[in-house]
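As a plain string of letters, each chain reads:
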Amino acid sequence: MAQRLPINQRYLELFDVLLDHPRLSVQGERLAMTLDAAIKPLKSQNAWDGSFSLSGVPRLDQARQSLVLSQVRVDKLTINGLPSVLTNQIGRLGGALAEQFIADLPLYIFGPAEYLVLGTRMQATNINTAPNGLVITFEPVR
């Protein structure tokens with residue numbers, strides 16, 4: 001995931017939003033991601049920093065041979081030094097950012113070597129969360 005960041009996006013021609021330094025964790029059946037966030041209004045020299053937390057259901061994307069998040073939701077947005085009224089408004093933009101850039105963004109792309117075991121071509125068929133990580137089931141290709 002870190003290789004696909006930072007994400008830098010302009011919203012409503014008012015703000016530049018930068019998301020970087022992802023940290024992943026398992027929370028029940030969801031995979032949570034916290035990113036460092038920086039928001040800079042275009043008409044200002046000041047930028048606000050904080051964090052952006054979201055979660056989603058891990059899913060295998062067979063076509064891209066990757067792990068992605070579906071059903072993404074924003075869990076928390078913290079912006080240091082920003083009044084709560086503005087934080088709530090920017091939080092709504094965070095939902096749009098999650099929908100546009102994080103949902104279905106490959107968190108991990110399986111390499112060809114991961115699909116070959118003792119000369120047998122395998123495919124990832126299932127993914128589940130566990131208290132200490134993810135469990136991915138591979139089966140031989142038929």
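Heads up: the structure comes first, above all this text.
K.L.:
Would you explain the sheet that holds strand β9 (residues 133-140) in this entry?
P.N.:
One key point about sheets: their strands pair by backbone hydrogen bonds, in either a parallel or an antiparallel sense. Across the sheet, which stays open at both edges, the three strands sit in the order β7-β8-β9 with antiparallel pairing between neighbours. Single-partner strands in this sheet number two, and they are β7 (116-117) and β9. In terms of strand pairing, β7 meets strand β8 (residues 120-130) through two bridges, oriented antiparallel. Note on β8: the bridge partner recorded for Val 117 is Thr 120.

K.L.:
In this structure, what is going on with the pairing of β8? I would like to understand it.
P.N.:
Regular strands place side chains that alternate from one sheet face to the opposite one. Counting the residues in the hairpin turn of β7 and β8 gives two residues, including Leu 118, whose phi is positive at 50 degrees. As defined by bridge partners, β8 adjoins β9 across eight bridges and the pair is classed as antiparallel. Looking at the pairing, Asn 128 lines up with Val 135 of β9. A loop of two residues connects β8 with β9, the two strands running antiparallel in sequence.

K.L.:
Help me understand the packing of aromatic side chains, please; the structure alone is not making it clear to me.
P.N.:
Each pair of aromatic rings is reported with the distance of its centres and the angle of its planes. Taken as a whole and judged by the stated rule, the model has two aromatic pairs. Taking 5.2 Å as the distance between ring centres and 80 degrees as the angle between the ring planes, the aromatic pair formed by Tyr 108 and Phe 110 counts as edge-to-face. Residue Tyr 108 is classed as partly exposed on the basis of its relative accessible area of 36%. Here the aromatic rings of Phe 110 and Phe 138 are separated by 5.9 Å at their centres, their planes lie at 90 degrees, and the arrangement is edge-to-face. Highlighted residues: Phe 110 in the loop between β6 (108-109) and β7 and Phe 138 in strand β9, separated in sequence by 28 residues. Owing to a relative accessible area of 6%, Phe 110 belongs among the buried residues under this scheme.

K.L.:
Where do I start with the environment of Gly 133 in this structure?
P.N.:
In this structure, Gly 133 sits in strand β9. Using a relative accessible area of 17% as the deciding quantity, one classes Gly 133 as buried. Sequence separation of Gly 133 and Leu 24 is 109 residues, and the distance between their C-alpha atoms is 9.6 Å. Discounting residues that sit within four places of it in the chain, Gly 133 has contacts with Val 26 and Asn 128.

K.L.:
Got a minute to help me understand the side chain of Ser 66 in this structure?
P.N.:
Assignment of secondary structure puts Ser 66 in strand β5 (residues 66-79). For Ser 66, a relative accessible area of 1% puts it in the buried group. In this view, Ser 66 contacts Arg 59, Leu 60, Asp 61, Pro 106, Tyr 108, Ile 109 and Phe 110; residues no more than four positions away in its chain are not counted.

K.L.:
What am I meant to see in the pairing of strand β2 (residues 15-27) here?
P.N.:
Bridge analysis of β2 against strand β3 (residues 30-41) gives eleven bridges, and the strand direction is antiparallel. Each bridged residue has a counterpart across the sheet, and for Asp 20 the counterpart in β3 is Asp 36.

K.L.:
In this structure, what is going on with the pattern of salt bridges? I would like to understand it.
P.N.:
One pass over the structure, following the stated rule, counts three salt bridges. Between Asp 36 and Arg 23 there is a salt bridge, and its shortest N-O distance comes to 3.2 Å. Remark: Arg 23 occurs in strand β2 and Asp 36 occurs in strand β3; sequence separation between them is 13 residues. What makes Arg 23 partly exposed here is its relative accessible area of 38%. With its nearest N and O atoms 3.0 Å apart, the salt bridge here joins Asp 75 to Arg 73.

Here is what the cut-offs are and how they apply
Residues numbered from 1 in each chain as written. Predicted model: local features only at pLDDT ≥ 70, side-chain atom pairs only at ≥ 80, totals over all residues. Heavy atoms only, no water. Pairing = 2+ DSSP bridges. Helix = DSSP H or I, 4+ residues; strand = E, 2+ residues; numbered from the N terminus. Phe/Tyr/Trp six-rings, centres within 6.5 Å; stacked < 30°, edge-to-face > 60°. Buried < 20%, exposed > 50% of the residue type's maximum accessible area, 1.4 Å probe, protein only. Contact = heavy atoms within 4.5 Å. Salt bridge = Lys/Arg side-chain N within 4 Å of Asp/Glu carboxyl O.

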